[in-house]
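Breakdown of the fold
Chain by chain, the residues run as shown.
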2 protein chains.
Amino acid sequence: VDSAEIIAVGTELLTPIRLDTNSLWLTGELADLGITVRAKHVVGDDRADLAAAVRQSLDRVDLVMTTGGLGPTHDDITREVVAEILERPLVEDAGVLEGIRERFARRRRPMPEINRRQAMVPVGGLVLANAHGTAPGLWLEANGRVIVLLPGPPRELQPMFSRHVRPKLADRSAPSRTSRRVVLVAGRAESQVAEAVEPLQARFRDRPDPVAMTILASPGRIELHLRATGADGSAREAALEAAAAAVVEVLGAAVVSTDGQSLEAVVGQRLADRGWTIAVAESCTGGLVTGLLTDVPGSSAWVRGGVVAYANTVKVDQLGVDAGTLAAEGAVSEAVARAMAEGVRARLEADVGLAITGIAGPGGGTPDKPVGTVAIALSGPREVARTFHFGGDRQMVRQFSTAAALDMVRRAIDPT
Amino acid sequence: VDSAEIIAVGTELLTPIRLDTNSLWLTGELADLGITVRAKHVVGDDRADLAAAVRQSLDRVDLVMTTGGLGPTHDDITREVVAEILERPLVEDAGVLEGIRERFARRRRPMPEINRRQAMVPVGGLVLANAHGTAPGLWLEANGRVIVLLPGPPRELQPMFSRHVRPKLADRSAPSRTSRRVVLVAGRAESQVAEAVEPLQARFRDRPDPVAMTILASPGRIELHLRATGADGSAREAALEAAAAAVVEVLGAAVVSTDGQSLEAVVGQRLADRGWTIAVAESCTGGLVTGLLTDVPGSSAWVRGGVVAYANTVKVDQLGVDAGTLAAEGAVSEAVARAMAEGVRARLEADVGLAITGIAGPGGGTPDKPVGTVAIALSGPREVARTFHFGGDRQMVRQFSTAAALDMVRRAIDPT
């Protein structure tokens, strides 16, 4: 088995509110096994459409996986359509039926007659137990092809795949030929990163163990996804290591991590290494920076807390910002950001104080200080203050500000 | 035009890191026009695979849309593959070429020779201008079918569709036959909502203007998506109105909004209506609650700010929580939550004080107060305190806590 197609079944996946995300997870699992996904499809609960999709996929690849359509209702057609294509009669499986009955009995409810349909198994099919639902999966083989039917809910699909499908596929596929790594970059625009990395992309594409580099950008954070291909696992790892090192060489301190660690986790690690604590004063980010820092498990060791000073009087009363400075410089200024950072550091008895004050919009901008103007300051290990001009809407300005603030802390604390 | 298939082109969309999200947006736009998406596909940058997908879609539906593969490199094959299928020669379009040249000239860069490929247009094809990139789109017609080629980046695709494709499709499709509405529910489990709504689902499915109800759950917030179908727009709106009213009847005050407003926006609206302000004291949510409230545009009118009291001494020093209470009852207790709410309300001079203190995990749980134990209190309009026991991991506990806290404020302030 080396190539696959995934068919998601369900009319709800063809509405504007639901996306097939199972295929993303399955693609990652299959990639680990060295199996390439050649195409993905979504079809509704329609016999003809599903049958056409399955037949066409069977013509092209040696593994076809379907997700969804294994429930008990008449809309759930996957089992029957696949049985028909393979010309295998469906037979009631006593063991499966018993399992479904027991599942209902444990909840003290009788099994509805309709659920009997889920015990129908195509002759020669192998039943895959579902630890989290009534719909069993199926593994079928025909003409050198493997067909796997999985349930739609991720909490049923993922354990079923991991326990029952993955080991069987591993036996039939060549060892994996790809390894991956993520390099996280902060404080650079996507175009800057793209330009800096472009020569590396060419260089590493043409090596004996080639490394492909893909850029994924979100406001303030850019991920470089490195993918090495080759027969030898340690050669792939060496290639990834070399590629990551080359990225660090061209981007320098803008590289946050080469091992998938988030910006907030790296900040936390550096604080923890020094035994330092942090306190945050936020205006336009309204709690997002502290929210991200406290997202890191164990952050109570190095986060003291913070003050969200949205109103100006809160900046004065709770952070000790001088009312005169506030009036003279304006709430969005490096002077006020400095005072907020110093105030939150002193009052919350932290080693590091961080402050963010800015105009996220849509209102509040002036010709002098348009929407997107944000002042960020640091107090403690170093005294730093900087004014940024971010583009985008309210949410983007808040995200850019959050990333820039965390990155300022990261850069101020050298790794031990 | 009444049925469509969407084909996303790009090998990167077959990796574990990228999902085709354009089709979700396009599905919504097409639904507005009364056009049903029958299937969606993702294929790599492979001529044979793309050609097979386009041919098969043309057999089934009268509108085929492709996204991606219109760039200048040799990996960008969509234009050529479609021209070949339709047997239309590609001809260089002087106007398009001039447009691309100008785009580079504005950035003071010469046009790379490779970008000439983007000026190739199949004979009879209509060029769709791209206001945000070099890749023009294409509109083609053949044998009663419409084929539309759109660029991959959403910021290029969406305006191109809205300006050039949507009006042309509107001329050729029957008026829309569906209308949608979202009912937001808080403070109930998904299974409770499902059970309560089940009889309504049957009742509204069988009406002359049927309304379908789909449940989408995330921690602490449940969305009921209502979709009415029928020829008459005002009958559809009336059916939606009746269905929303029926949901409100069975779920009562658990319904946050029937017009798509978020929980935080509803809270803000109720505060604004009374002329009240809020201040938030957060422990385990670490700033997320204040972060969400300040996400609402104009929130500076009713958010004073907040204190993230992660460390216990911050609870004492910044919020005036009694150290004795803290020692006797523990940081996660209704008594401490009450004191935090009262403290933040008084110190930040707000009308409403809200406090959250809990154990998000993974560490910190005890037999007495396991991970997921969260105390939430309100001070001001009413004095309320409640202890919750949430399931799930750290992130889920934080999300459940955030929703429960906002919902407590919403329920405490009657609508005007």
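In short, a report on the structure. None of these values were measured; they are calculated from a predicted model.

1. What to know about the relation of the copies chain B and chain A
Turning chain B through 180° and shifting it by 0.2 Å along the axis lays it on chain A, with an RMSD of 0.3 Å. Both copies of the chain, as the preceding transformation shows, are related through a two-fold rotation axis. By residue overlap, the copies meet face to face through one surface: 100% of the interface positions of chain B are interface positions in chain A.

2. Thoughts on unusual backbone geometry
Residue and element names in this part refer to chain A. Here the amide bond leading from Gly-361 into Pro-362 is cis, since omega sits at 0°, within 30 degrees of zero. As for its placement among the helices and strands, Pro-362 is situated in the loop between strand S15 (352-358) and strand S16 (373-379). Despite not being glycine, Glu-349 shows a phi value in the positive range, around 55°. Take Glu-349: it is sitting in the loop between helix H12 (334-347) and S15.

3. Focus: the nonpolar core
With 40 residues, the main nonpolar core has A:Leu319 and B:Leu319 as its most contacted residues. Look past the residues within four positions of A:Leu319 in its chain and what remains in contact with it is A:Ala281, A:Val307, A:Ala309, A:Val314, A:Ala339, A:Met340, A:Gly343, A:Val344 and A:Arg347.

4. Observations regarding helix H1 (residues 22-32) of chain B
Residue and element names in this part refer to chain B. Taken across its 11 residues, H1 has 8 buried, putting it largely inside the fold. Those residues of H1 that sit buried are Asn-22, Ser-23, Leu-26, Thr-27, Gly-28, Glu-29, Leu-30 and Ala-31. Contacts from the buried residues of H1 go to strand S1 (3-9), strand S2 (36-43), strand S3 (63-67), strand S8 (145-150), helix H5 (154-172) and strand S9 (178-186). Two residues or fewer past H1, Gly-34 is found with a positive phi of approximately 80°.

5. Focus: the pairing of strand S9 (residues 178-186) of chain A
All names here are of chain A. Of the pairings in the sheet, the one linking S9 to strand S11 (residues 221-229) comprises 9 bridges and is antiparallel in character. Among the inter-strand pairings, Ala-186 is bridged to a residue of S11, identified as Arg-221. Relative to strand S12 (residues 255-257), S9 runs antiparallel, the two being bridged by 2 bridges. In the strand pairing of S12, Leu-184 is matched with Ser-257.

6. Looking at the packing of aromatic side chains
For any pair of aromatic rings, the description rests on two quantities: the centre-to-centre distance and the angle between the ring planes. For the coordinates displayed, the defined rule picks out 6 aromatic pairs over all chains. Ring geometry for A:Phe388 versus A:Phe390: centroids 5.2 Å apart, planes at 15°, classification stacked. An identical accessibility class is assigned to A:Phe388 and A:Phe390; each is buried. Both rings, one in A:Phe390 and one in A:Phe400, keep their centres 5.4 Å apart while their planes meet at 5°; by these two values the pair is stacked. You can see A:Phe390 sitting in the loop between strand S17 (384-389) and helix H13 (394-412) and its partner A:Phe400 sitting in helix H13, a full 10 residues away along the chain. Judged by relative accessible area, A:Phe400 falls into the partly exposed class, the value being 22%. One aromatic cluster in this structure is built from A:Phe388, A:Phe390 and A:Phe400. Across the ring face of A:Trp139, the terminal group of A:Lys168 is positioned such that the distance to the ring centre comes to 4.8 Å. A cation sits over an aromatic face here: B:Arg274 above B:Trp276, 5.6 Å from the ring centre.

7. Side note on the sheet that holds strand S6 (residues 126-128) of chain A
Taken in spatial order, the 12 strands make up an open sheet running S6(A)-S7(A)-S8(A)-S3(A)-S1(A)-S2(A)-S2(B)-S1(B)-S3(B)-S8(B)-S7(B)-S6(B), and their pairing is mixed. Two strands lie at the open edges of the sheet, namely S6 of chain A together with strand S6 (126-128) of chain B, each paired on one side alone. Across the sheet, the mean angle separating the axes of adjacent strands is 15° when strand polarity is ignored. Judged from the 3 bridges that link them, S6(A) and strand S7 (residues 137-142) of chain A form a sheet pairing that is antiparallel.

8. Quick notes on the interface of chain B and chain A
Of the residues lining the interface, 61 residues belong to chain B; the matching set on chain A comes to 61 residues. Taken together, the connections running from chain B to chain A amount to 4 salt bridges. Counting the contacts that link chain B with chain A gives 32 residue pairs in polar contact (both at pLDDT 80 or more). Looking at the side of chain B that touches chain A, the elements that each hand over two or more residues are H1, S2, helix H2 (47-60), strand S10 (211-218), helix H9 (288-293), strand S14 (303-309), helix H10 (312-319) and helix H13 (394-412) of chain B.

9. Describing the environment of A:Gly291
Structurally, A:Gly291 can be placed in helix H9 (residues 288-293). By relative accessible area, A:Gly291 is classed as buried at 2%. Considering only alpha carbons, one finds A:Gly291 and A:Ala202, 89 residues apart in sequence, at a separation of 39 Å. Beyond its immediate stretch of four places on either side in the chain, A:Gly291 contacts B:Gly286, B:Gly287, B:Leu288 and B:Arg398.

10. Here's the deal with the pairing of S17(A)
Residue and element names in this part refer to chain A. As defined by bridge partners, S16 adjoins S17 across 6 bridges and the pair is classed as antiparallel. Within S17, the position partnered with Thr-373 by the bridge is His-389. If you look at the hairpin formed by S16 and S17, you'll find 4 residues sitting between the two strands, and Gly-380 has a positive phi there, around 125°.

Cut-offs and rules
- Residues numbered from 1 in each chain as written.
- Chains lettered and ligands numbered in written order.
- Predicted model: local features only at pLDDT ≥ 70, side-chain atom pairs only at ≥ 80, totals over all residues.
- Heavy atoms only, no water.
- Least-squares fit on C-alpha atoms with pLDDT ≥ 70 in both.
- Contact = heavy atoms within 4.5 Å.
- Helix = DSSP H or I, 4+ residues; strand = E, 2+ residues; numbered from the N terminus.
- Core = buried A, V, L, I, M, F, W, Y, C linked by side-chain atoms within 4.5 Å.
- Buried < 20%, exposed > 50% of the residue type's maximum accessible area, 1.4 Å probe, protein only.
- Pairing = 2+ DSSP bridges.
- Phe/Tyr/Trp six-rings, centres within 6.5 Å; stacked < 30°, edge-to-face > 60°.
- Lys NZ or Arg CZ within 6 Å of the ring centre and 35° of its normal.
- Axes fitted to C-alpha atoms, helices over the stretch in contact; angles between N-to-C directions.
- Salt bridge = Lys/Arg side-chain N within 4 Å of Asp/Glu carboxyl O.
- Polar contact = N/O pair within 3.5 Å; in protein donor to acceptor, adjacent residues only side chain to side chain.

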